[in-house]
Amino acid sequence: MSTRTVVHLVRHGEVHNPQGVLYGRMPGFQLSELGREMAVVVGEYLSTHDVTHLVSSPLQRAQETIEPLAETLHQAVTIDERVIEAGNDFEGMTVGSNPKQLLNPRLWPKLVNPTVPSWGEPYTQIASRMQAAVADARNAARGHEAVIVSHQLPVWIARLAFEGRRYWHDPRKRECSLASVTSISFADDNLLSIQYSEPAAALVARASKVPGA
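What you see is a predicted model, and the numbers here were worked out from it, not measured in a lab.

Asks: Could you clarify how one ought to interpret the overall build of the chain in this entry?
Replies: Of the regular secondary structure elements, the chain holds five helices and six strands. Against the globule reference of 17 Å for 213 residues, the chain gives a C-alpha radius of gyration of 17 Å, in line with a compact fold. The principal-axis extents of the C-alpha atoms in the chain amount to approximately 60 × 35 × 25 Å. With 213 residues in all, the chain has 47% of them scored as buried.

Now the structure itself:
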């Protein structure tokens, strides 16, 4: 009989970012108070599962998100650079709240090819590192469940990769809200299914009203 293993890909909770900065891999961005509530809720949700292996992105917001679960389960967290946020050349800017910045001619070469994308880490590279991290987590939790706390784009690209879909997409249509859980089930090393849940949905509704959410 085959062995069933589940790897849960969790997006971190809301970040304290009142200026609306595209923070990417920048240090110093921590969870907001609401984000900490999200971390507790998603931790409670996952603590009812057969989790035996915990992994986090090295960024502060991801480590803070997995902390409640780690404390509940009394398990150590493995820091994995492969599940870090995607590299982005617009990091540190406020292009989301002030898109007029993109009218600067020096930035135009970064916008020529959204299918790569030309402004940051290639989707193919994100997919490769995320799939490798998932494979290692699956092996570490063989017959049980693993949790990886990462970031929206890496989680979404990982899902597209496992589903065999194209990587180029509309960012507004990603199914990957704050503190969401994308659960990838395997029979041995073969993909069984992918399920999506939002245990902190009520808190996410509040986050939409918070500047910089």
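Asks: What's the story with the sheet that holds strand S5 (residues 181-187) in this structure? I'm lost.
Replies: What holds strands together in a sheet is hydrogen bonding between their backbones, with the strands either parallel or antiparallel. Pairing in this open sheet of six strands is mixed, and the strands run S3-S2-S4-S1-S5-S6 from one edge to the other. The sheet is open, and its two edges are formed by strand S3 (77-79) and strand S6 (190-197), each paired on a single side. In this sheet, adjacent strand axes meet at a mean angle of 20° when their direction is disregarded. Of the strand pairs in this sheet, strand S1 (residues 4-11) and strand S4 (residues 145-150) are connected by six bridges, and their pairing is parallel. Bridged to Val7 within S4 is Ala146.

Asks: Hey, could you run me through the nonpolar core in this one?
Replies: Judged by nonpolar contacts, the single largest core of 27 residues is most densely connected at Val7, Leu9, Ile126, Val134, Ile148 and Ile157. Breaking this core down by element, the ones donating at least two residues are S1, helix H3 (123-140), S4, helix H4 (152-163) and S5. Take this core: its biggest share by element is eight residues, from H4. Contacts of Val134, omitting those with residues within four sequence positions, involve Val7, Leu9, Ile148, Phe162 and Phe186. If you look at the next biggest cluster of nonpolar residues, it comprises 12 residues, including Val42, Val51, Ala62 and Ile66.

What counts, and at which threshold
Residues numbered from 1 in each chain as written. Predicted model: local features only at pLDDT ≥ 70, side-chain atom pairs only at ≥ 80, totals over all residues. Heavy atoms only, no water. Helix = DSSP H or I, 4+ residues; strand = E, 2+ residues; numbered from the N terminus. Rg over C-alpha atoms; globule rule 2.2 N^0.38 Å. Buried < 20%, exposed > 50% of the residue type's maximum accessible area, 1.4 Å probe, protein only. Pairing = 2+ DSSP bridges. Axes fitted to C-alpha atoms, helices over the stretch in contact; angles between N-to-C directions. Core = buried A, V, L, I, M, F, W, Y, C linked by side-chain atoms within 4.5 Å. Contact = heavy atoms within 4.5 Å.

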